[in-house]
Structure formats: structure tokens, C-alpha cells
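Listed below are the residues making up each chain.
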Number of protein chains: 4
Amino acid sequence: MPLVCLTDFQDHARERLSKSTWDFIEGGADACLTRDDNVAAFKKIRLRPRYLKDVSKVDTRITIQGEEISAPICIAPMGFHCLAWPDGEMSTARAARAAGICYVTSMYASCSLEDIVGTAPGGLRWFQLYVHPNRQLNKQLIQKVESLGFKALVITVDVPKIGNRRHNMANQVDLQKTLLLKDLGLSAKGNSMPYFQMSPIDPSICWDDLSWFQSLTRLPIILKGILTKEDAELAVKHNVHGIIVSNHGGRQLDEVPASGEHGVEEVLNILKNEFHTSMTLTGCRSVAEINRDLIQFSRL
Amino acid sequence: MPLVCLTDFQDHARERLSKSTWDFIEGGADACLTRDDNVAAFKKIRLRPRYLKDVSKVDTRITIQGEEISAPICIAPMGFHCLAWPDGEMSTARAARAAGICYVTSMYASCSLEDIVGTAPGGLRWFQLYVHPNRQLNKQLIQKVESLGFKALVITVDVPKIGNRRHNMANQVDLQKTLLLKDLGLSAKGNSMPYFQMSPIDPSICWDDLSWFQSLTRLPIILKGILTKEDAELAVKHNVHGIIVSNHGGRQLDEVPASGEHGVEEVLNILKNEFHTSMTLTGCRSVAEINRDLIQFSRL
Amino acid sequence: MPLVCLTDFQDHARERLSKSTWDFIEGGADACLTRDDNVAAFKKIRLRPRYLKDVSKVDTRITIQGEEISAPICIAPMGFHCLAWPDGEMSTARAARAAGICYVTSMYASCSLEDIVGTAPGGLRWFQLYVHPNRQLNKQLIQKVESLGFKALVITVDVPKIGNRRHNMANQVDLQKTLLLKDLGLSAKGNSMPYFQMSPIDPSICWDDLSWFQSLTRLPIILKGILTKEDAELAVKHNVHGIIVSNHGGRQLDEVPASGEHGVEEVLNILKNEFHTSMTLTGCRSVAEINRDLIQFSRL
Amino acid sequence: MPLVCLTDFQDHARERLSKSTWDFIEGGADACLTRDDNVAAFKKIRLRPRYLKDVSKVDTRITIQGEEISAPICIAPMGFHCLAWPDGEMSTARAARAAGICYVTSMYASCSLEDIVGTAPGGLRWFQLYVHPNRQLNKQLIQKVESLGFKALVITVDVPKIGNRRHNMANQVDLQKTLLLKDLGLSAKGNSMPYFQMSPIDPSICWDDLSWFQSLTRLPIILKGILTKEDAELAVKHNVHGIIVSNHGGRQLDEVPASGEHGVEEVLNILKNEFHTSMTLTGCRSVAEINRDLIQFSRL
């Protein structure tokens, strides 16, 4: 059977991956309400087609944070690609470059950052950061990604505590084996805990801490995980360069809104006025993933 | 079991047709969201019955583009009837004449136009056109159908690019074998591509090109596939004789609105004022088909 | 298993009745959309309970068309009870009298009217009429039911043409065998047609014909099957004594509104002002039946 | 398999409990419409997460009726814990004390009140009362629970008549065997009736009777089962200390609203102004249970 759509790839993957890997990739937090809402919300989007226009030539290029990409599509940050493919994030980096789009590399990449950069020189890449309690480790990592040519710093704000993923608990997933800790500037010591405590994330980070990150780097800073109009307004006030409206694919806090529902429209309206480009940020993990980071607005 | 409703015919057909033919007939584009919406939207229509009226005699006749039909029902343009019945469009033409309704013959008919006309002389027929990139071929075909007695020219506007029908891709349907290319004024040369590239359709056709078609023929011109109020208003401005509000049975661009949803009501309201007859345009392909071209408004 | 709710009785019946009888009783018209809407609409009704009230004694008696019943509940007119129980409508009549409620006897009863009256003397009964094309037969039947002590004449207005019940067509149900034609004042001659043509119903009856019925009898006249505000207003204007808002259990014209939907609320509001009693008219055929004639308003 | 969520515990329990016990615990009244609405309404609740706030230290303590608890969560009154666990309400009392929350002990507890108090001295407990027709028995019981150190009296108002639980009827549940009648101040004589008549509840109790209860005890009085704005306003007028907005888990009167639907929002809004603390009152019986008593407002 040829693979002609995402659902075909999902079926294909389910047959080939171990249960614990499949559950890690496909599973949402708690009762998976938000993950399922994501899929349903995505299916509810309707296009209003206009006809009798010349579409013999179509140009989808846009500029994002000063760089041109071939279409308003990015690959969202997802960790541990080696779970699904031996070449892991290196394959993803090459695919993104071939498609001419931006690859937002996860801090939880299972390939080293040097390998990711080396395999696809010239590709546009951003780096996604979970803030570590040790400030110096954050500083070292940010300076490293800047020197490696990443073009923006995406700070995830929706993980003050790792989501309650029941399947992982039941499966006792232990992801350290695939995580290259040296990239995180972390020693392996003290990291023998199961997955959901895998890497310490600072639960105390506040809006006021953003100026410290801004002082560290000339990279544009983008906040990922904003879901309320209040936080969107604070993002504008704190001079970040963009936000990613996302519920983390329903994998983080369950029972939060899906795109297009429960006030998320308000967030998008505010941002359309404050940040000037709207785009689709997508990944290949699953259908739910597509909606996970449906719309990003970045300051031009 | 007697066949007492469309669903019975569907089940009957599914048992008798090959998988690739069934999939071609029943399948929608992409995830079939719009096709399924069509069926759901059709089921949501509610009648408000008025009683204690004399219905011992009922007259459903109307006049459409100057011709009387027995009821406000037409047969929508559908290609390749020979896939389902040896006699193909010739049977359809005879059935339409027997019922006293209009048969909108598809450009992708699998019988020759001469045979369709010859088998049911005197029947009311319109002709549906996909615009070919070669203007002269369009001209020859339009002049041919006018001389064969077709009473209107229906130009399909919603296929600048053929819909992404996954089942056809998986089945590798090749429909040329049943397509009588001579009717299209096309040589068979360069047509050995699979179904979805079967016949070139001009992606550059624009509103301004309509005057060229209007200069070619005295037949009334009707645009098929309008889904937005903006395009409906442009149709009025460009002096077409009618439009068919249609999403191509969900077989063309997926994720467009079904009849009665997402602003389609607005289109219908505008047209009720500008075009004076509302009618049902229907076919027999499947239940989804019924909704495919639910309402047509034609200028009297 | 004890039978503790209607669903239990349904399951019990399905096991014991022939397929054609079950289909006749349970089946709706066409695609059964309205029948299914009825069940869904009934499930959506919500009560707003008030507490800390003395309910040690409860009195549910009301007066309907001048007669007191023990609760605002009637048995809706349903034909052919002998299909499900040997004693047929005689059992129903005794049950209604025992419960102190009104039994609206169907013209298509499978017991003779004399037997129904004789088995439960003193019970409150109304008679439901399908208008026959032969006016004299209607007159004879109305005079008969008046002399037998029925207290109101319910004229069904929603059957100018018998509903398209697909299951019956497939099953070729022939109900004449259980129908006592003598009660209808009809000869058996010319009645060898299958069920859905079983008894001629006058398709020409109009609002203006009501005065003829009113001249025939002193019984209050109630119209059954009203679904629009326009018809409800006409009923008030024509001085009928009550209307029954009903979609015939979804067995007559499919795709009409269920109670509480699509403007039926408007009908009820108008009638609450014009007719002074609201009540529930119910039967025991099935769950759908309960909703079939959910609310009746009768002039006091 | 580890038990990581309520659904896991449900499955675990279903395997281990007898059918009649499972049905008693899981079953709702009549068609279970309200029970199912509860689960659906609970799933519809959406959080609006705010990020970039310091959550390294979280304090969820609140004060309820003058007593501090560790989080705004109580254990709702549920009877007959011994059906599911040998130690019954004694285990529940110890768990509530360990969690630092309030345990609302049911009058239908299957352990003696002395044992419940004795097993977890110092725990915060309220007592839930069904009003007995014999006023003196109520008085004795209230004085007993006050002397045993219960801190509030919760009077259930939504059971003027026991709910129509079909499963129990079918199973012929007889719960007296586990009910310690001496705690109710009742003799066993005259109590050999099946479950649903197990204990007489006064159907005549009225708003005016509340002053008698208020004269009996210094405990704050809270009304459980309020569902309408009208009754909430009466509760304020009659000087009760709190109300519990509850539909009895859908186990009492079916077809009443679930939390958040059909005007319940109005009740909550009124109470937010009149009673000053909102909290979640929950139990462990089933998922439906969580919603059963979703929100309580208590006068500070």
C-alpha cells in the first residue's frame, strides 16, 4: 500500500514501533481530552475557496524573523526522533532544508546539535529551550546554539511541571538512553530517574526573568505555549519577538483549549495586530501534532 | 430484497463494482471531511409541513433557462457512467427524458455525445465543460455541443487542480480506457498518465476570460462550483446566466463548506435576489452526490 | 429479568414479534430521521427541580374537554393493537380506565368499537379519524362514535398521503387481515391493496371543510399533526377545540421537526395563550412514540 | 498494570465487585441521562493556564466553616463503603485525615460513627442527614454527631422520594445487611423492605422547618442538592451556612441539569456573591461521582 496521507504513516508506525515508543509519541496528558480536541478542532477548519483566479503560478514564500522560507510552515520542536528512525533529527534537518522551511530543533533532540547542523549546512533552524534551574547551564547552551548558527531562541513556557502522561507511567518509559545529555550541558549524574523526571525544568521562571535571557543573546526570543490573551499581552509588553500559540499537542496540561476554541481566537486577534506574520508550525509526529502548534505569530 | 431507497442501491453497487471503481465513485478528496459534511448537512434539512391544503392534484413543473421541466430537479454532471453500467450515459439520457427533467452531461462522459443525443432525441440537455488550456479545443467543443442541441453551457470553475483523491492514488485508477477522447477534441497522445492527470485543465482561467466564452456561443453560460458570496457577486457582475452552488460532492477541495453551512446561506440569499429560480440539481452516484449540487439558481 | 422500563418492554417485544410486525411498529418513514430526532429530543428535556416543598400528598388531576382525568396523560391513537396482543385495543381500553386517563382510540383499531366500549364502560375515550373521500362514510362513522359515548373527535391532518415506510415496503406488510373494515363503514371490496394503500384518505381536505365536520357533531373537534405556527393560528381562527402538536412519531413525513426544535417552540407558545391546558399525550408503542405526540393543548 | 487514574480504579473495581454492588455504585437513576451528563459536563471543563509565574512553591490551603483544610477538596457523603472495602468508612476517614481534607460522612455509613471518629481522631468531618419523619430521631442523631465532634450538619434536600434506580430493582438489592441501624437511632423492626424503601425519609419537609433544625444545634447547617436559582435565593433568605450544588450524582431524579448546564451557572453566580468560598466536593465512587457535587459554596 502506498503511504498517501498522515493516517497511513500513523498506521505504518504503529505496526513497527514498540508499545512504549508508540505510547510516548501518540499519547497525550491525563485523559487525552486536549489531544483529542486538537484533532477535532483541526477537522473543523473550513476553507472559503475563491475561483476564476490565475493559479498557474503560485508563490508561497514568506519571511520569518528576517529569513525567507518557501512556505509558511515550520517543523515544531519534538524530542527523541531516534525513537522512530535511526538517523533521528539528522534526517529531519535534511528534510527541512530540502523543503526550504524552518526546523525548530528540540532541546531534547536525540542527535548532537553539531551533527544536526553538520548534516544540513545552510538550513534555517531555531532552537527550543526548556529553562534549567541552573542559570549558567542555560547560558552555556544558548551561547552554543547561537554560535552553531541557530536563528532564534524558542523558550517553552508551558512546562513548569512535566505533563501527567499516564501511558508513560504505565510503561515506565526511560528516555535517558536516547538523550545525549552532553548537549544539555548536564552531567548524567542524578539522572537515573524515569522519563517524567528526566531533566530538571525551572518551575520558578517568571516574566521578569525574560530580560536576563534578552541580555544573553542577540537571537530573537519567541515564547512557546501561550494560550490566554492576558499572557499574549504580557509577551508584547516584555518585547519578545514572537509567540507560539500552542497547547503542547495536548501532552502537557490536559483540559486546556484547542486552537480556535475557548478564547484562543482572542489571543490570535490580539497577536495579529501586534505581531505581523501568521504561519503554520507543524511536525510529523502524528495528526494531533499538526494542530499542536497551529499558529505562530512572529514580530517582523 | 427490493431496492427502496438510495442506500439500498449503494449496497447493491458496492457488492457488484470493483474496488477501484467503487472507490472512484464513492470517494471524496483527502480526508473526505466535506463529502461527509455533505451527507450530514443533507440530513439536517427540515421541512415545515403545512396541512389542510388540497393536494389531490400537484403540479411541480418549472421553466429553466426557457425550457419547461416536470420538476425542479436535474441530473448533475458526472463522468464515466460506463464504469457502473454498460450502456453508460445513454441510459442516463433516456431516464432523464422519461422523467421530463434536464440532464447536465459531463465532458467526461464515457459515451460519445452523438450517442447520448441519438438515444434520447428531444430530451433537455446541458453540457458541462472543464476549460482546456488550448482555447481552440474549447471553441470546437462548445460549437459542437451547440449544434447537437444542448441548451446551456455549464463551466466548472472549482477544478484549477484536480482534487487529491487518496483512494484513486492507492488504486492507481486509470480512466482513459473508458474516456472517449475524440469527444474532447483531444488526441490520445500524451495521455498515458494516471487518472488524476487525465485531462489538462487550464489553471489560469479568470473572470476576465468569461467574455471570450460569451462571444463564442449563444447558449446561456452557468458557472458551477461557486461557494462564496464574493464569487456569487462577481458572477452577477459578469452577466452569467446562472450559478451552481456546489462543492463538487466533496471530491475536489476538501475542507470547504457543505450546503447550508459556513456562509453558504449568504450565497444563496444573494442569488435568490439576483437569479430568480431555485432548484435541486441531483445525480444518482451516491447519497453524498445528492447534496453535491444542492441548489442552483438560474437567471430566467 | 423484571421489566422495569420502556426499553425492557421494547427488547421483550422484539424477541416475540414477527419481523414484519416489529418493523411496522418500530419503523419510521424514509430514513427515520424524524423518528430518531424524537428520541433524541425527548432525552434532551431537562427538569428544574424545586426542593423543600411538602410532597407527602400529590394531586395530578386535570380537566380536559370538560372531563377529569387522574393525570395530564392520554394514550395516543395507534392502530392494530392485535398485532402485539390478542386482546388488542380492549386491553388498552381497560388499562386506560384503570389508570383514570383518556384513551384516544384509533380509527385503525383492530377490535370493533363496540367491543372497546363494552370492555371498559365508563372510561374516557376520544376517537381519531382519517378523513375518507366519501363524505357520507365519515358522517356515519362520526355519528356512530358519538352515540357510543366517545367524548371528542380527533381529526388527523398530517396524512394527505401515507408515509413512505421502507420497511413495510420491503416486508410487503398487509394489514387488512387485522383491520375490521366494518367499523370504518367500508366494504372490503377494492381493499386488496397492500398496507400503504390500505384505506383511502382524502388528499383534498381543506381548512374550509372543517365547518362541515363541526355541523355534523356536538363533539369537540381536535386537529392532530400541526407543526407550524401558521397552521396553529389557522386552527384558532377556525374554532377547533384543540390541536395536537405531533409529527406522527416520525412515521409519516420524514425530515419534519421533533418537539422542541425548529420552530415547534413557537407553535407551543402561541397555543399556550389560545388553548389553556397543556398535557402529555402518550402511547406504549415505543420510546419514539412517547415523543410522537408530546404536547397537546386543548381549549377548556 | 499500575493504577494511574480513576478509570483504572473503575476497571479494577468492576472485576472484583459483585454485579449488584457494582450496579449500586455505578448506576444512576432511570435512564442515567443525568449521570452521563455529569461525566460529559466534567470533560467539557477547560482551564485557561497562565504561564511564567513562580510555581516552585504552591499553597492550596483554604478555610471552610472556620476550619483550615489542605486544599479546596472534600469527600462527598456516600453510603455503604463496606460494600467495596472491609474497613469501610474507617479507611475513608483515615485517608481524609492524612490528606488534610474534610470528610462529609454519610448518614448511611456502614461503620458506626464512633468507629469512624475513633479511627482518625482530629480529622475534620461533617455529617450528612436524611430527614426522618420522626422528629425526635433527627434530634437525637444531630445531638450525637455534635457531641462526636462533627463540625457541620449537611441536610440533603433532593430525596423527598428515593430515585428510581432500575439496576437495583432488577438486582433486588437489599442493603440493610450492611447498614448499622443503631446509628440511625432506628430499630430494625419494620425495616425488612428492599433497598429503595430502606429508610423512611420525610417527604413533607419544607423551608419553614429549617428553623427547627437551627434551634437544635450550634453546628453550621448546609443544604445539599440545590439546582435552581430560586432555591439558592431561598437558602440565603433562610440563613443557612452553605449550599452544595449537586444533582446527587445523577442517582436521584434523572433529567435534571448537570453542573454548568441549564441555568446551574446562574445558581453559582448568585451564590458566589452570597456565600464566599467556592470549592470542589468530591468522592471516589466513580468518575460520575466527581461531578456529582462539583461545586460548593459555604458562608465564611
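Predicted model, so just to flag it, every value in this text is computed and none were measured. (Residues numbered from 1 in each chain as written. Chains lettered and ligands numbered in written order. Predicted model: local features only at pLDDT ≥ 70, side-chain atom pairs only at ≥ 80, totals over all residues. Heavy atoms only, no water.)

**Looking at the overall build of chain A**
Condition: Runs of E in the DSSP output that reach at least two residues are strands. Runs of H or I that reach at least four are helices, and both are numbered from the N terminus. Buried means the residue's accessible area, taken with a 1.4 Å probe over protein chains only, is under 20% of the maximum for its type, while exposed means over 50%, and partly exposed covers the values in between. Every residue pair with non-hydrogen atoms within 4.5 Å of one another is taken to be in contact. Accessible surface area values rest on a Shrake-Rupley calculation with a 1.4 Å probe, where residue burial reflects the displayed protein chains alone.
When helices and strands are tallied, chain A shows 11 helices and 10 strands. Of all 300 residues assigned to chain A, the portion counted as buried reaches 55%. Taking contacts inside chain A between residues at least 6 apart in sequence as the whole, the part at least 24 apart equals 70%. Just so you have it, chain A exposes about 12,700 Å², and 53% of that area is on carbon and sulfur atoms.

**Thoughts on the relation of the copies chain C and chain B**
Note the following rule: Least squares is the method used to superpose the copies, on C-alpha atoms of residues holding a pLDDT of at least 70 in both.
Mapping chain C onto chain B calls for a rotation angle of 90° and an axial translation of 0.1 Å; the resulting RMSD is 0.0 Å. Such values leave the two copies arranged in the relation of a four-fold axis. The C-alpha atom lying nearest the rotation axis in chain C is that of C:Ala40; the distance is 11 Å.

**Focus: the interface of chain C and chain B**
The condition is simple: Here the quantity called buried area is the accessible surface, traced with a 1.4 Å probe, that two parts lose on coming together, added over both. Any Lys or Arg side-chain nitrogen found within 4 Å of a carboxyl oxygen on Asp or Glu counts as a salt bridge. Here a polar contact is taken to be a pair of N or O atoms separated by no more than 3.5 Å, where protein atoms must pair a possible hydrogen donor with a possible acceptor and residues adjacent in sequence count only if both atoms sit in side chains. We call Asp, Glu, Lys and Arg charged. Ala, Val, Leu, Ile, Met, Phe, Trp, Tyr, Cys and Pro are nonpolar, and the rest, Gly among them, are polar.
With 28 residues of chain C at the contact, the number on the chain B side is 18 residues. Interface area for chain C against chain B, summed over the two sides, is near 2,200 Å², with a carbon-plus-sulfur share of 63%. Where chain C packs against chain B, one counts three salt bridges. The partner of C:Asp37 in a salt bridge is B:Arg46, and the shortest N-O contact between them spans 2.7 Å. On inspection of chain C and its partner chain B, the count reaches eight residue pairs in polar contact (both at pLDDT 80 or more). When residues of the side of chain C that touches chain B are traced back to their parent elements, those giving at least two are α3 (33-44), α7 (166-171), β7 (221-226) and α9 (229-237) of chain C. The dominant element in the side of chain C that touches chain B, judged by the number of residues it contributes, is α9(C), at four residues. Per-class residue counts for the side of chain C that touches chain B are 16 nonpolar, four polar and eight charged.

**Here's the deal with the state of the cysteines**
Here is the rule we go by: Counting rule for disulfides: a pair of cysteine sulfur atoms within 2.5 Å.
A full pass over the atoms with the stated rule returns zero disulfides over all chains. Here A:Cys5 stays free of any disulfide, with the sulfur of B:Cys32 as its closest cysteine sulfur at 9.8 Å. Take A:Cys5: its relative accessible area is 12%, and that puts it in the buried class. Lacking any disulfide linkage, A:Cys111 is separated from the closest cysteine sulfur, that of A:Cys82, by 4.0 Å. A relative accessible area of 5% places A:Cys111 in the buried class.

**A few points about the pairing of strand β5 (residues 125-129) of chain B**
Residues and elements named next belong to chain B. Going by this rule: Here a strand pair is declared whenever DSSP counts at least two bridges between the two strands. Here a crossover is taken to be right-handed if, once the strands point away from the viewer, the path from the first strand over the helix to the second is traced clockwise.
Across the five residues that make up β5, a large majority, five, are buried. Alternating positions in β5 separate into two faces, Arg125, Phe127 and Leu129 on one and Trp126 and Gln128 on the other, with burial throughout. Alignment of strand β4 (residues 102-105) against β5, held across three bridges, turns out to be parallel. Bridging from a neighbouring strand, Val104 pairs with Trp126 of β5. With helix α5 (residues 113-119) bridging β4 and the parallel β5, this β-α-β connection has right-handed handedness.

**Observations concerning a nonpolar patch on the surface**
As a reminder of what qualifies: In this analysis, a patch consists of residues with relative accessible area above 30% that form no salt bridge, clustered at 9 Å for like charges and at 5 Å for the nonpolar side chains Val, Leu, Ile, Met, Phe, Trp and Tyr.
On the surface, A:Leu3, A:Leu6 and A:Phe9 cluster together into a nonpolar patch covering about 240 Å² of accessible area. Note on placement: A:Phe9 falls in helix α1 (residues 6-16).

**As for the environment of C:Arg35**
Residues and elements named next belong to chain C. Take Arg35: it is sitting in helix α3. Between the alpha carbons of Arg35 and Asp202 there is a distance of 25 Å; along the sequence they are 167 residues apart. One polar contact links the side chain of Arg35 to the main-chain carbonyl oxygen of Glu26, over a distance of 2.8 Å.

**Section: the packing of aromatic side chains**
Two aromatic rings, taken as a pair, are described by how far apart their centres are and by the angle between their planes. To be explicit about the condition: A pair of aromatic rings is counted whenever rings of Phe, Tyr or Trp (Trp by its six-membered ring) have centres within 6.5 Å, and the orientation is called stacked for planes under 30 degrees apart, edge-to-face for over 60 and tilted otherwise. By definition, being over a ring means that NZ of Lys or CZ of Arg is both within 6 Å of the ring centre and within 35 degrees of the ring normal.
Summed over the entire model, instances satisfying the criterion amount to 20 aromatic pairs over all chains. For the ring pair A:Phe24 and A:Phe80, a centre distance of 5.6 Å and an interplane angle of 70° mean the geometry is edge-to-face. Taken together, the residues A:Phe24 in helix α2 (residues 19-26) and A:Phe80 in the loop between β3 (73-75) and α4 (89-99) connect sequence positions 56 residues apart. Like A:Phe80, A:Phe24 is buried. Each residue in the set A:Phe24, A:Phe80, A:Tyr108 and A:Tyr130 is aromatic and connected to the rest through ring pairs, giving one cluster. The ring centre of B:Trp212 lies 4.9 Å from the NZ or CZ of B:Arg135, which sits over that ring.

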